[in-house]
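Take a look at the letters that make up each chain.
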Amino acid sequence: MRHRTRTRSLLLLLLIGVIVLPLIPEASADADRGDWAARIAEMDRALGRGETTAATAAWREAYVAAHVSRGWPGMLAVGDAALRASRATGTPEVFEPRARRAYLTALLRARRQASPNGVLAVAEAFGRLGDRDAERLARSDAAGLAIRGEAEARRRANAL
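A brief report on the enclosed structure follows. (Residues numbered from 1 in each chain as written. Predicted model: local features only at pLDDT ≥ 70, side-chain atom pairs only at ≥ 80, totals over all residues. Heavy atoms only, no water.)

### With respect to the nonpolar core
Formally: The set of buried Ala, Val, Leu, Ile, Met, Phe, Trp, Tyr and Cys residues whose side-chain atoms join them within 4.5 Å is what this entry labels a nonpolar core. Remark: exposure states derive from per-residue accessible area (1.4 Å probe, protein chains only) relative to the maximum for the residue type, with buried under 20%, exposed over 50%, and partly exposed in between. Only DSSP runs of H or I reaching four residues or more are called helices, and only runs of E reaching two or more are called strands; each is numbered from the N terminus. The contact criterion used throughout is that any non-hydrogen atoms of two residues lie within 4.5 Å.
Ranked by size, the top nonpolar core spans 39 residues in total, and within it Met43, Trp59, Leu76, Val78 and Tyr103 carry the most contacts. Where this core is concerned, the elements lending two or more residues are α2 (29–49), α3 (52–69), α4 (72–89), α5 (92–112), α6 (116–129) and α7 (132–159). In contact with Val78, other than residues within four places in its own chain, are Ile40, Trp59, Ala62, Tyr63, Ala66 and Ala102.

### A short note on α6
Stated formally: For a helix, the expected span equals 1.5 Å multiplied by the number of residues minus one.
Under the 1.5 Å per step criterion, the end-to-end length of α6 is 20 Å for 14 residues, consistent within 8% with the ideal 20 Å. All buried positions along α6 are accounted for by Gly118, Val119, Ala121, Val122, Ala123, Ala125, Phe126, Gly127 and Leu129. Directly beyond the C-terminal end of α6, a positive phi value near 90 degrees is found at Gly130.

### Some words on α5
End to end, α5 covers 29 Å across 21 residues, agreeing with the expected 30 Å (1.5 Å per residue, within 8%). With its phi angle positive at about 50 degrees, Ala114 sits one or two positions after the end of α5.

### Overview of the packing of aromatic side chains
The following threshold applies: Two rings from Phe, Tyr or Trp (for Trp, the six-membered ring) form a pair when their centres are within 6.5 Å of each other. A pair whose planes differ by under 30 degrees is stacked, one over 60 is edge-to-face, and the rest are tilted.
Considering all chains together, one arrives at 3 aromatic pairs under this definition. Ring geometry for Trp59 versus Tyr63: centroids 5.4 Å apart, planes at 25 degrees, classification stacked. With Trp59 and Tyr63 both in helix α3 and 4 residues apart, this pair spans about one turn of that helix. Overall, the relative accessible area of 18% leaves Tyr63 in the buried class. Where Trp59 meets Phe95, the ring centres are 6.2 Å apart and the plane angle is 85 degrees; that geometry is what we call edge-to-face. Residue Trp59 is located in helix α3, and its partner Phe95 is located in helix α5; the two are separated by 36 residues in the primary sequence. Judged by relative accessible area, Trp59 falls into the buried class, the value being 3%.

### Digging into the packing of α5 against α6
Operational definition: An axis is simply a line fitted to the C-alpha atoms; with a helix, the fit covers only the stretch in contact. Between two such axes, the angle follows the N-to-C directions and lies from 0 to 180 degrees. Each angle gets one of four labels, with under 35 degrees taken as roughly parallel, over 145 as roughly antiparallel, 65 to 115 as roughly perpendicular, and the rest as oblique. Helix crossings are classified by the rotation of the near helix relative to the far one: an anticlockwise turn of less than a right angle makes the crossing left-handed, while a clockwise turn makes it right-handed. Classification used: nonpolar for Ala, Val, Leu, Ile, Met, Phe, Trp, Tyr, Cys and Pro, charged for Asp, Glu, Lys and Arg, polar for all others including Gly.
With their axes 9 Å apart at the nearest point, α5 and α6 run at an angle of 165 degrees to one another. Our classification of the angle between α5 and α6 gives roughly antiparallel. Judged by the sense of rotation from one axis to the other, the crossing of α5 with α6 is left-handed. On α6, the residues that touch Glu96, Ala99, Arg100, Tyr103, Leu104, Ala106, Leu107, Ala110 and Arg111 of α5 are Gly118, Val119, Val122, Ala125, Phe126, Arg128 and Leu129. Residues that form the contact of α5 with α6 fall into these classes: 11 nonpolar, 1 polar and 4 charged.

### Overview of the pattern of salt bridges
The line we're drawing: The rule for a salt bridge is simple: a side-chain nitrogen of Lys or Arg has to be within 4 Å of a carboxyl oxygen of Asp or Glu.
Throughout the structure, instances matching the rule amount to 11 salt bridges. The partner of Arg136 in a salt bridge is Asp133, and the shortest N-O contact between them spans 2.5 Å. In this pair, Arg136 and Asp133 are both assigned in helix α7, 3 residues apart and thus about one turn of the helix distant. By relative accessible area, which is 51% here, Arg136 ends up exposed. Residue Asp133 is classed as partly exposed on the basis of its relative accessible area of 46%. Note that Arg139 and Glu135 form a salt bridge whose closest N and O atoms lie 3.2 Å from each other. Taken together, the residues span about one helical turn, with Arg139 and Glu135 both in helix α7 at a distance of 4 residues. Glu135 gets classed as buried once you look at its relative accessible area, which sits at 15%.

Treat this as a map of the structure, not an account of what it does.
Here it is, written out as C-alpha cells:
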C-alpha cells in the first residue's frame with residue numbers, strides 16, 4: 001500500500017514538472033551579460049570616486065549575476081574586476097582570492113563548454129594574477145581541447 005502511495009506521489013510530481021517547466025521563461029544570455037557587465041561598470045565608477053564600500057557591494061552583485069549566467073565570460077570579467085579593485089583599494093588579501101575563485105569557476109565552465117578560447121583566456125587571467133602553475137595547466141588544457149575539437153571536426157567532415 002505504501003509503495004503505491006509513493007509511486008502515485010512521484011508520478012504526480014513528475015506530471016506537475018512536465019506541465020510547469022515549459023511555463024518557466026528561459027534566461028536570456030544577453031540579459032545575464034548586461035546584468036554582470038552593468039554591475040562591473042558600477043564598481044569601476046565607485047572605485048573612480050574612491051567609494052570602496054560601494055565598489056565592493058557592486059562587485060558582489062556582479063559576482064552573483066555572473067554566477068547565475070552559467071557562462072565563463074562573466075566569471076572571467078568578475079575576476080578581472082576583482083584585480084582592479086585589489087589595486088584601487090590596496091587590499092590584495094581581500095580581492096585576489098576572489099579573483100582566483102572567479103577564474104577557477106570560469107575555467108571549469110570553459111572546460112565544460114569545450115571552449116579552448118575560454119580556457120586560454122582564463123590561462124591568461126591566471127598569468128595576470130601571477131599564478132604561473134595555474135596558467136601553465138590551463139594552457140595545456142586549452143591545447144588539448146583544441147586538438148580534440150580539430151579531431152572531431154575532421155571526423156565529421158569525413159563522415160559527409
